[in-house]
Structure formats: structure tokens, C-alpha cells
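Notes for the structure review
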Amino acid sequence: MKIGTRFGTDLATDALDAIVDREPQIEQIAHGLLFGEGPVWDARENRLIWTDIIGDTIWQWKPGVGVSAFLEGSRHANGLTFDRQGRLNVAGWSARTIWRIEHDGRFVDVASRYDGKKFNSPNDIVVRSDGRIYWTDSAGGLVIPGMVGEDLQRYLDIQGVYSVGVDGGETSLVVPDVTYPNGLCFSPDESILYVNDTRLALIRAFDVAADGSVSNGRIFHRLAGTEPGVADGMKVDRNGTLYCTGPGGIHVIATDGSLIGRIRIAGHATNLAWGEEDWRTLFVTTYENVLRIRMKQQGIPVPVGGLAR
């Protein structure tokens, strides 16, 4: 359903004209969600996959086909991404693990503890080109009724960013000092890891070493605004421009940390993903809806998925 041009853009500099129309057409492709999150494009099956955390379902949308359930009873999954083998990797809010769906349909836990202690509630997830998995672990799932089952105990004092090898192994604490870690993404060349902090309304940048460790943490950008929305989902495009949910919609940020402009979104935007054949479509989840916006720039492709369901 087309929802017109009334959303538009604002806070715009001239550089925004090369990224998106000032009055972009925004299409609603799904609605009626309770807590939309975690969108990722599956290039092999030509579909968008996303989560409804509170609705406990992973959904899919195919152009010309529409919306259907991908997985009912997702253990309140949150962030999604594909690894380099095309397996769907999941930040499991309720499961309190990082888990994936194998090509044969098996569910496998990739990481479940740090220093022998159960995670809080894994939030968002990304995979580096060498297969190493990174995710944020905030405690939000512990305070929403029903999200983590009977065990509401918080075992880790920190809310951090972690990583693990593609086939599991020892979990590493990558960033220990975040107030509420949420969205994360790499720069196009993977030399920088961006992590946002919902509580402090800012984005931090870290230099990434070959072994996957990070250093030189610094504030990259502070989000501003009083409208609905917080620093949550985050992606970059081919040029390194960063797109982050925030007050009023999607904040578009240059590589020097300056604000290029904002794509206004009605409601509370939660996450976003690049997709479709040319990777020039930006899909945005809100609490209730999934939106589709055609862009002038190309996003970073995710690995080809292969989960027929």
C-alpha cells in the first residue's frame, strides 16, 4: 500500500539529494505487528525476512506474493542476518543465545554464555566477511513481561558487544562499556565497527583489527530530536554513509559524523535493511509496520541465503 509523500525528508543538506528524493514514495508492505524488528534481505529466495519480537514470529514478504509466516514460535527473536554459508543467524532475545537455522532446518546454538554466565538478551547481529559474528547484548528483554521465560535473573553486570567464530568456540567481549548497546554495523571495508547506545542517543566508532578486536573507541555522532524513535537499527551504504533509526525516522550521517538529513517515518522506527536485486531499496521496520523506500544509493549486500520455508 502506498502511503504517499507526506513523510518526506527534513534537516536536509544538499548531499541528501544524491541519496533519496526529498519527497520519497514510501510503501507499506506489512502492518499489524506488535514489535517489528530485525529485517534482512534473502537474495536467493527474493524475500525480506523480519521478526515480530512480542508476536513471537519471524515473517517473510515476497514481491508479488505478500506476507506469510516464516517461523512461528521464534523464542521472541530479535536481530537477523545471514552468515557466509547462507544460514540465518539470530540474536535470540528470549533464548538468550546466538542461534542459527542450518540448511537442513536444525536449530543450533552458536553462543550462549560469556565467562560461564548466561547472556542478558541478545539484540542485534552482524557477520564480518571472514565469518566472525558480532552482536549486542542489552538487558531489554529482561524487563518486558514474557520475553525470556521463567528465568529473569541477570547474570552479567555489563551490557556489551561480543563476537564468536563462525562455528562457535570461545566468545570474546569486544566492547564492555556501553550503557545500552543496540544497533551495530561495519564500514564498507570493515575497518570500522559502529555501535549505537540507545540510552545516551549516540553512535560510537571503533577501529577493527585483523583478529577481530577493536580499539580507539570514540563518539561518532549524537542523535537529536524529541519525536518517537531512538538509536536502534543501523546500516551503511556502499559509500560508507550511515543510516540509523532515531527520533522522527532515519538519520542519514556522513563519514565525518555530520548529519546529512533525515527520512521522516511515522511511528517508532526500529531497524532497517538494504535489499532487492539492485540493493537500492531500504526496508524499515517500526513497531507496527514494515516500509519500503527506493533509494538512489546502493546498500551493502548480505550473503546469499538459502533457506526455503
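Nothing here was measured: the structure is a model prediction, and the numbers come from that model.

What follows is about the overall build of the protein. Along the protein, the regular secondary structure elements total 0 helices and 27 strands. Over its C-alpha trace the protein gives a radius of gyration of 18 Å, about what one expects of a compact globule, namely 19 Å for 309 residues. In terms of principal-axis extent, the alpha carbons of the protein reach across some 50 × 45 × 35 Å. Scored against the burial criterion, the 309 residues of the protein give a buried share of 59%. Surface accessibility of the protein: about 12,000 Å² in total, with carbon and sulfur atoms responsible for 48%. Computed over 31 positive and 39 negative side-chain charges, the separation of the two mean positions in the protein equals 1 Å.

Glancing now at the sheet that holds strand β4 (residues 47-52). Spatial strand order, β3-β4-β5-β6: 4 strands in an open sheet with antiparallel pairing. In the strand order of this sheet, the two ends are held by β3 (36-42) and β6 (66-72), each with one partner. Strand-to-strand twist in this sheet, taken as the mean axis angle between neighbours without regard to direction, amounts to 25°. Two strands pair when backbone bridges link them, and β3 and β4 are joined in this way by 5 bridges, in the antiparallel orientation. Across the sheet, the residue bridging to V40 is I49, located in β4.

With that settled, the discussion passes to the packing of aromatic side chains. For the structure on display, the rule yields 12 aromatic pairs. Each ring, one from F35 and one from Y287, has its centre 5.1 Å from the other, and the planes form 90°; the classification is edge-to-face. Here the residue F35 occupies a position in the loop between β2 (26-30) and β3, and Y287 occupies one in the loop between β26 (281-286) and β27 (290-294), the gap between them amounting to 252 residues. Note on F119 and W135: the rings are 5.5 Å apart at their centroids and 80° apart in plane angle, and the pair reads as edge-to-face.

Under the definition given, this model contains 17 salt bridges. Residue E276 pairs with R292 through a salt bridge whose shortest N-O separation is 2.8 Å. Residue E276 is located in the loop between β25 (269-275) and β26, and its partner R292 is located in strand β27; the two are separated by 16 residues in the primary sequence. Overall, the relative accessible area of 13% leaves E276 in the buried class.

This paragraph deals with the sheet that holds strand β13 (residues 121-127). Spatially, 4 strands are ordered β13-β14-β15-β16 in an open sheet, and the strand pairing comes out antiparallel. Each having just a single partner strand, β13 and β16 (168-178) make up the two edges of the open sheet. For this sheet, the mean angle separating the axes of adjacent strands, direction not counted, is 25°. Two elements, strand β14 (residues 133-138) and strand β15 (residues 159-165), share 5 bridges in a ladder whose sense is antiparallel. Note that in β15 the partner of I133 across the bridge is V164.

Here the focus is the pairing of strand β5 (residues 57-62). In the sheet, β4 pairs with β5 via 5 bridges, with the strands oriented antiparallel. Looking at β5, one finds that L48 is bridged to W61. Counted between consecutive antiparallel strands, the loop separating β4 from β5 contains 4 residues, among which D56 sits at a positive phi close to 60°. Strand direction decides the pairing type here: β5 and β6, joined by 6 bridges, are antiparallel. Bridged to W61 within β6 is V67.

Residue placement: M147 occurs in the loop between β14 and β15. C-alpha of M147 to C-alpha of A95: the two residues are 52 residues apart in sequence and 8.9 Å apart in space. With residues near it in sequence (within four places) discarded, M147 still touches I53, I54, H76, W93, S94 and G141.

All right, on to the pairing of strand β7 (residues 77-82) then. Among the 6 residues that make up β7, 6 are buried, leaving the element largely enclosed by the rest of the structure. As paired elements, β7 and strand β8 (residues 88-92) share 4 bridges and run antiparallel to each other. By the bridge assignment for β8, A77 is matched with G92. In this structure, the hairpin formed by β7 and β8 is closed by a connection of 5 residues, where G86 is found at a positive phi of approximately 80°.

Not every positive phi belongs to a glycine, and R75 is a case in point at roughly 60°. If you trace the backbone, R75 turns up in the loop between β6 and β7. The backbone of W279 sits at a positive phi, close to 55°, despite the residue not being glycine. Its location among the elements puts W279 in the loop between β25 and β26.

Moving on, we get to the state of the cysteines. Enumeration over the complete set of coordinates arrives at 0 disulfides. Just so you know, C185 is unpaired, no disulfide at all, and the nearest cysteine sulfur is the one on C244, 8.2 Å from it. Residue class for C185 comes out buried when judged on its relative accessible area of 4%.

What counts and what doesn't
- Residues numbered from 1 in each chain as written.
- Predicted model: local features only at pLDDT ≥ 70, side-chain atom pairs only at ≥ 80, totals over all residues.
- Heavy atoms only, no water.
- Helix = DSSP H or I, 4+ residues; strand = E, 2+ residues; numbered from the N terminus.
- Rg over C-alpha atoms; globule rule 2.2 N^0.38 Å.
- Buried < 20%, exposed > 50% of the residue type's maximum accessible area, 1.4 Å probe, protein only.
- Areas by Shrake-Rupley, 256 points an atom, 1.4 Å probe, with all protein chains shown as cover.
- Lys, Arg positive; Asp, Glu negative; His and termini not counted.
- Charge placed at Lys NZ, Arg CZ, Asp CG, Glu CD.
- Pairing = 2+ DSSP bridges.
- Axes fitted to C-alpha atoms, helices over the stretch in contact; angles between N-to-C directions.
- Phe/Tyr/Trp six-rings, centres within 6.5 Å; stacked < 30°, edge-to-face > 60°.
- Salt bridge = Lys/Arg side-chain N within 4 Å of Asp/Glu carboxyl O.
- Contact = heavy atoms within 4.5 Å.
- Disulfide = S-S within 2.5 Å.

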